[in-house]
Amino acid sequence: MKIKFWGVRGSIASPGQHTIRYGGNTTCIEVRGDDGSLVILDAGTGIFPLAQELLRKMPVKANIFITHTHWDHIQGLPFFTPIFIPGNTVRIHGAFDVVSGRGIEQVMEVQMQYSYFPIREAELKATIEYETLNVGVPVSVGSLTVTPLMLNHPVVNFGYRVDGDGKSMFFTGDHEPWANIYSPDDEGYAEFEQMVQAQCDQLDQSLQNLDVLIADSSYTKAEYPAKIGWGHGTIEGHLEWVRRVGAKTLVCTHHEPTRSDDALEKVFGDAVAGCGYVPGENGAPRAILAREGLELIP
Amino acid sequence: MATLPLELERKLGIAIERMPAFPKSVQKILELTRNINCLPKELVAVIEKDPVMTVKILKVINSAYYSLPNKITSVGQSVVYLGINTIKNLSLGFAAVGILPRFNAAGFDIQNYLMHSLIVASVARQLAQLKAKGEVDPSDCYIAGLLHDFGKAVFAQFMAAEFRTAMTHAEENNVPLHEAEMLVIGTDHAFVGAMLAKRWQFADELVQCIQDHHRMDAEPSAMLDCLRTANQISRKLDLGKSGNPWRDTEAAAAPARFGDDLDATIASLGDMERFIADAQMFAQVSNS
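Residues numbered from 1 in each chain as written. Chains lettered and ligands numbered in written order. Predicted model: local features only at pLDDT ≥ 70, side-chain atom pairs only at ≥ 80, totals over all residues.

(A) How the structure looks around the overall build of chain A. Across its full length, chain A holds six helices and 14 strands. In terms of overall size, chain A behaves like a compact globule, its C-alpha atoms giving a radius of gyration of 19 Å where 298 residues would be expected to give roughly 19 Å. Seen along its three principal axes, the alpha-carbon backbone of chain A occupies a region of about 60 × 40 × 40 Å. Going through the 298 residues of chain A one by one, you find that 47% of them count as buried. (Helix = DSSP H or I, 4+ residues; strand = E, 2+ residues; numbered from the N terminus. Rg over C-alpha atoms; globule rule 2.2 N^0.38 Å. Buried ≥ 20, exposed ≤ 12 C-beta atoms within 10 Å, placed from the backbone.)

Structure, rendered in structure tokens:
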């Protein structure tokens, strides 16, 4: 298994001098099985440079898994060049949206309305397939198996665990750890706390024997109180989480769009310094920042 | 378990989508969601008092799309699982359907119905806390109380003429409403409520409880004991109208758990004023 990052920025693409080292494209991760099978996690603007790379070897057979349908995770989809070329097959997987009452098939249709994009979905030349996924039900892509898990964000968001070739990785998509909506002195506090704990435990359980944990680390612990309910996690929280689940490597991604490369390294360094262990030493998990072009072999 | 004619079950199942929610919850949801920072717990407090919103949320979340290992049985659990923002937007969608009018073509008073459902829900939860700890989740008993008569709201909304005849028959002949329904409609609200709950893949125990709440020969369970006793207490204290007035000849529904003396069980609940006032405030239809 090989993992490559093509977009690591959260919320909105942020090109410019201050993001040149880590990159300004929004979320897109390529996962390759040893047999060459291709899984793409999210279709943010980072999918466009990936598409250029893929065009070198046709036909393209891609399975795209959308964590959720917020713009920064889907915006590159109409620019995923292989969809315009006959002979290619692109299968798009994602969650059922309870609010719109529709499956993942709406993701392209919504973006390709004629006021917003010059080409209609019906005009795409590749074979495009959609698969609305069920939580916990694995999907096979060659030597890889992708399992969706329900995480916590202001829209239904699936985290994807990918297993294959004896290795494993998990990508949260956008995720804010579950929290109690009641105050400790409210009547419903204890009961809700139990439910929150059960949900956290269930996720941790699903992440057993994991090699790489890729997590939405938009904020720092100090910034978080002003961002509660926005649906994102913290660097500090994930340094704790990766240890709890016993994964080998933590990759922090979905960098805050206004955060410069220097600032990103600074907040990450501070978080690591305060996490109570030295990543990568004495059996502790490794912790790194995601950047465009980063390749990992778990 | 017997079944409803498939066509009727299908028709009613679809019709629920168009069923408006209760006036107070619609008003409160619209009010709360105007503020982007509204407190999640305030939203939950509103949704969990409305049988229509609660039914619709449980229906969505227990549907096959999320293939949950365990059934979701409360609004709180739904919030943990789907996130508060999704629940907020779902409830806004429900609010947009409209509001249930107090008086419908069936002449069924939804204000009294809601009052009854809320009292039974709160009492059932309290009974579970007092006398069934470890056997049943008190929140599940709350939902059982809130939804046990949902079939009546469905009849009133979608089979108004038949339901009106049944209500008149019950009153004129002094028989329980479910017996009159059986006579006039060929099925009763308990059965229809249970069939719909089953169709929506609600937890088996909840389905069973809704179905059995009038059946004296039903297999007892902690949830059913709490539900039926709460139902009796609500009727005896005349809190809300169930269409089934209290009869002095009635024996306590779950003597093995709560004893023979219903008045003693009522006394054991302590001060009921708080949730009576709460239910009254929520059920009351504004005249403006």
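(B) Examining helix H4 (residues 189–206) of chain A more closely. Here H4 of chain A is 18 residues long and its end C-alpha atoms lie 26 Å apart, about the 26 Å a rise of 1.5 Å per residue gives. For H4 of chain A, the full list of buried residues reads Phe192, Met195 and Leu203 of chain A. Viewed end-on, H4 of chain A has its buried residues packed into an arc of 75°, placing them on one side of the element. Summarising the geometry of H4 of chain A, the exposed residues directed more than 90 degrees from the buried face are Ala190, Asp201 and Gln205 of chain A. Those residues of H4 of chain A that are buried lie in contact with strand E8 (144–151) of chain A together with helix H5 (75–82) of chain B. (Expected span 1.5 Å × (residues − 1). Arc of directions from axis to C-beta. Contact = placed C-beta atoms within 7 Å.)

(C) Quick peek at the domain arrangement of chain B. Residues and elements named next belong to chain B. Partitioning chain B into domains gives domain 1 (20–96) and domain 2 (110–283). The distance between the C-alpha centroids of domain 1 and domain 2 comes to 23 Å. Facing 14 residues of domain 1, the contacting portion of domain 2 comprises 17 residues. Per-element tally for the side of domain 1 that touches domain 2: the top contributor is helix H4 (residues 51–61), with five residues. Of the residues in the side of domain 1 that touches domain 2, the class split is four nonpolar, six polar and four charged. (Domains from an automatic or database assignment. Nonpolar A, V, L, I, M, F, W, Y, C, P; charged D, E, K, R; others polar.)

(D) Geometry of the packing of H4 of chain B against helix H6 (residues 84–96) of chain B. Residues and elements named next belong to chain B. Remark: H4 packs on H6, axes separated minimally by 10 Å, with the N-to-C direction vectors making an angle of 125°. As judged from the angle between their axes, H4 and H6 are oblique. Read as a crossing pair, H4 and H6 show a hand that is right-handed. Contacts from Met53, Lys56, Ile57 and Val60 of H4 reach H6 at Ile87, Leu90, Ser91 and Phe94. Looking at the contact of H4 with H6 residue by residue, the classes come out as six nonpolar, one polar and one charged. (Axes fitted to C-alpha atoms, helices over the stretch in contact; angles between N-to-C directions. Parallel < 35°, antiparallel > 145°, perpendicular 65-115°, else oblique. Left-handed = near helix turned anticlockwise from the far one by under 90°.)

(E) Here's a closer look at the interface of chain A and chain B. Every contact between the two is made by 23 residues of chain A and, on the other side, 21 residues of chain B. Its residues assigned to classes, the side of chain A that touches chain B comprises 15 nonpolar, six polar and two charged.

(F) Layout of the sheet that holds strand E12 (residues 249–253) of chain A. Residue and element names in this part refer to chain A. The strand order across the open sheet formed by seven strands is E7-E8-E9-E10-E11-E12-E13, and the pairing between neighbours is mixed. Each edge of the sheet is formed by a strand with only one pairing partner; in this case those strands are strand E7 (139–141) and strand E13 (286–289). Neighbouring strand axes in the sheet, compared pairwise and without regard to direction, differ in orientation by 20° on average. (Pairing = 2+ DSSP bridges.)

(G) View of the sheet that holds strand E5 (residues 89–94) of chain A. Residue and element names in this part refer to chain A. Spatial strand order, E6-E5-E4-E3-E2-E1-E14: seven strands in an open sheet with mixed pairing. Whereas interior strands pair on both sides, the edge strands pair on one side only; in this sheet they are strand E6 (127–132) and strand E14 (295–296). Sheet analysis places strand E2 (residues 28–32) next to strand E3 (residues 38–41), joined by four bridges and oriented antiparallel. The residue of E3 that forms the bridge with Ile29 is Leu41.

(H) Expanded view of the packing of helix H12 (residues 189–199) of chain B against helix H13 (residues 204–212) of chain B. Residues and elements named next belong to chain B. Put simply, H12 and H13 touch, their axes get as near as 7 Å, and they point 165° apart. Taken together, H12 and H13 sit at an angle that is classed as roughly antiparallel. Between H12 and H13 lies a crossing of left-handed hand. Listed contacts from H13 to Ala190, Phe191, Gly193, Ala194, Ala197 and Lys198 of H12 are Leu206, Val207, Ile210 and Gln211. For the contact of H12 with H13, the per-class residue count stands at seven nonpolar, two polar and one charged.

(I) Focus on the pairing of E3 of chain A. The hairpin turn running from E2 of chain A into E3 of chain A, its antiparallel successor, is five residues long, and Gly36 of chain A in that turn takes a positive phi close to 90°. On the question of chirality, the crossover connecting E3 of chain A to the parallel strand E4 (residues 61–65) of chain A by way of helix H1 (residues 47–54) of chain A is right-handed. (Right-handed = clockwise from strand over helix to strand, strands pointing away.)

(J) The arrangement of the pairing of strand E11 (residues 212–216) of chain A in detail. All names here are of chain A. Counting buried positions over the five residues of E11 gives five, a clear majority of the element. The two faces of E11 match: Val212, Ile214 and Asp216 on one face and Leu213 and Ala215 on the other face are all buried. Where strand E10 (residues 167–171) meets E11, three bridges bridge the pair, whose relative direction is parallel. When the sheet's bridge partners are listed, Phe170 is paired in E11 with Leu213. As a crossover connection, the stretch from E10 through H4 into E11 is right-handed. Relative to E12, E11 is paired through five bridges, and the arrangement is parallel. Residue pairing in the sheet places Asp216 in a bridge with Thr253 of E12. The handedness of the E11 to E12 crossover, carried by helix H5 (residues 235–245), is right-handed.

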